Protein chains: 2
Amino acid sequence: MVFFQEQAVTSSDKTYFQLREEIVEGLIPAGAKLSEVELSTKFEVSRAVIREAINRLEACNIVERKANVGARVVTLTEDGLLELYQIREALEGMAARLAAQNMPEAEIYELSSLLEGQQDEVRQNHTYYQEAGDLDFHYRIIVGSKNQQLITMLSNGIYHLARMYRVQLGMTGPRVTTAYDEHKHIVRAISNRDGELAEILMRRHIQYSKNNIAVKLTKMK
Amino acid sequence: MVFFQEQAVTSSDKTYFQLREEIVEGLIPAGAKLSEVELSTKFEVSRAVIREAINRLEACNIVERKANVGARVVTLTEDGLLELYQIREALEGMAARLAAQNMPEAEIYELSSLLEGQQDEVRQNHTYYQEAGDLDFHYRIIVGSKNQQLITMLSNGIYHLARMYRVQLGMTGPRVTTAYDEHKHIVRAISNRDGELAEILMRRHIQYSKNNIAVKLTKMK
DNA sequence: GATATCTAGATTGTCGACAATTTATCAGTT
DNA sequence: AACTGATAAATTGTCGACAATCTAGATATC
């Protein structure tokens, strides 16, 4: 699935995208130091474009920088994960509420059909719900909010960090099949233009997956 | 009042802070183009530090950049303002909920005394509630959430854009005195460790001020 | 042996110059 | 007069070099 396409026009863009992917996927491990000269030889670009890429990663909360010292990939902690899900709960809850107000009927219909199409798949191997489908669902609702700042904030900022946690804690992906039913209920609320309910359901949905991850985390210890 | 101090260690920091202030205060008007050479001569630094400063402003959603074209200060629109307040409602509502869970008693007591101290002031010139007081209140609750990512997001990202709207639409600034009572109710909920109520009250509080601004906006037309 | 100070190495911050791209100007054609 | 195309000016993107800062190791002192 093409989640949302970002086209790299400048060399700095390409470097940023690639670096981000390597960090999210764990090729560059959490906590690692990002040496500017090292990366500039690796990617065969000047330090200027590396610096710009690192700056953008910092804006995503994927790396942390200290002046005159350097940049490190963030370390993944249980607290950090909970913090992230609290933010997602607030923002995506609001996105669902706004989607109920602003999402065009056509988009709602598309989203609804998407879920219908996945129904068979869910029933067959009736345990899991593919991660891609989950992502697509959340993204469509975010876009449906029609709040451009919210869309940018979630797509550029939150999303990649959230994925980094999921990938590196081995929860790509997906959660038990009940997630599918939760999605259906949310869409129904949006379709009924019931923003209040849509927000409540979305927040619960995110709380459940947070709890699911928290359980896995404690098991890993 | 010292809202929260950022200390500029590097030349790029200083440029970023100053540029941000000039934009927020309107010295550099909304929609203006940011020429790199022009700014580098004005601030007497190289283009590299200007570029870095502009990158950071972009991360705050204060300027927009297009590759190979340049950066412009964002234009202030009614839609943009509403979008911003929707985000604030979601995030600061969550902050209030978390503050009810996590804020240390000492900090709650401080916040409470702060409000008590302002009571006389409010009664005397019984119309307005100083902007500084309002900022301080919101900031303390955000910090009280103890969610580091939320704190960063609001302090570095949302806050400056919100202030830019208030300054340039002439609503520094304060809203009618009822805001003071709303603040008191929120603190009471936090003090009672009632996160659910604290969130509801904070969201209402922000909705009210949004409506207040929306009214002023329509009057200006 | 522990602490403090100094020096050398490495890393980041800043600069000016060149390359690539966009925008403006102007001539030419229909 | 309006549109197209080529050329020139201006702006952004990228580069390598130098300056400022931090880090590590060695030496000296108590």
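Just so it is clear, the structure is predicted and the values come from calculations on it, not from any experiment. (Residues numbered from 1 in each chain as written. Chains lettered and ligands numbered in written order. Predicted model: local features only at pLDDT ≥ 70, side-chain atom pairs only at ≥ 80, totals over all residues. Heavy atoms only, no water.)

J.: What's the story with the protein's contact with DNA strand C in this structure? I'm lost.
T.: Near DNA strand C lie 21 residues; those nearest to it are A:Arg47, A:Arg51, B:Thr10, B:Ser11 and B:Ser46. Among the atoms of DNA strand C lying within 4 Å of the protein, the sugar-phosphate backbone contributes 71%. A:Asn68 is positioned with one of its backbone polar atoms (N or O) 3.2 Å from a phosphate oxygen of DNA strand C. B:Ser12 places a polar main-chain atom, nitrogen or oxygen, 3.3 Å from a phosphate oxygen of DNA strand C. Where the surface near DNA strand C is concerned, the elements lending two or more residues are strand E1 (33-34) and helix H3 (47-59) of chain A together with helix H1 (11-24) and helix H3 (47-59) of chain B. By residue number, the principal contributor to the surface near DNA strand C is H3(B), which donates three residues. (Near = heavy atom within 4 Å. Polar contact = N/O pair within 3.5 Å; in protein donor to acceptor, adjacent residues only side chain to side chain. Helix = DSSP H or I, 4+ residues; strand = E, 2+ residues; numbered from the N terminus.)

J.: Honestly, H3(A) in this entry has me stumped. Any pointers?
T.: Count 3.6 residues to each turn of an α-helix, and residues three or four apart come out pointing the same way. Residues and elements named next belong to chain A. The first and last C-alpha atoms of H3 sit 18 Å apart over 13 residues, in line with the 18 Å expected at 1.5 Å per residue. Every buried residue of H3 is accounted for by Val49, Ile50, Glu52, Ala53, Ile54, Asn55 and Leu57. The N-cap of H3, judged by a side-chain oxygen 3.1 Å from the amide nitrogen of Ala48 a few residues on, is Ser46. (Expected span 1.5 Å × (residues − 1). Buried < 20%, exposed > 50% of the residue type's maximum accessible area, 1.4 Å probe, protein only.)

J.: How should I be thinking about the interface of chain A and chain B in this particular structure?
T.: As a measure of interface size, the accessible area lost when the parts come together is often cited. Contacts between the two partners involve 29 residues from chain A and, on the opposite side, 29 residues from chain B. Summed over both sides, the interface between chain A and chain B buries roughly 2400 Å², with carbon and sulfur atoms accounting for 54% of that surface. Scanning the region where chain A abuts chain B turns up six salt bridges. Taking the shortest distance from any N to any O, the salt bridge between A:Glu52 and B:Arg65 comes out at 3.5 Å. At the junction of chain A and chain B, the tally comes to 15 residue pairs in polar contact (both at pLDDT 80 or more). Mapped onto the side of chain A that touches chain B, the elements with two or more residues apiece are H3, helix H4 (78-102), helix H7 (148-168) and helix H9 (195-220) of chain A. (Contact = heavy atoms within 4.5 Å. Buried area = accessible area lost by both parts, 1.4 Å probe. Salt bridge = Lys/Arg side-chain N within 4 Å of Asp/Glu carboxyl O.)

J.: Looking at this model, I keep getting lost on the relation of the copies chain A and chain B. Mind explaining?
T.: Superposition of the two copies of the chain requires a rotation about an axis and a shift along the axis. The two copies are related by a screw motion: chain A maps onto chain B through a turn of 180° and a shift of 0.0 Å along the axis, at an RMSD of 0.0 Å. Such values leave the two copies arranged in the relation of a two-fold axis. Of every C-alpha in chain A, the one belonging to A:Ala90 sits nearest the axis of rotation, 2.6 Å from it. A high fraction, 100%, of the interface residues of chain A reappear at the interface in chain B, so the copies pair face to face through one surface. (Least-squares fit on C-alpha atoms with pLDDT ≥ 70 in both.)

J.: How should the side chain of A:His160 be read in this particular structure?
T.: All names here are of chain A. Topologically, His160 is positioned in helix H7. The class for His160 is buried, based on a relative accessible area of 7%. Of the polar contacts made by the side chain of His160, one reaches the backbone oxygen of Ser155; its length is 3.4 Å.

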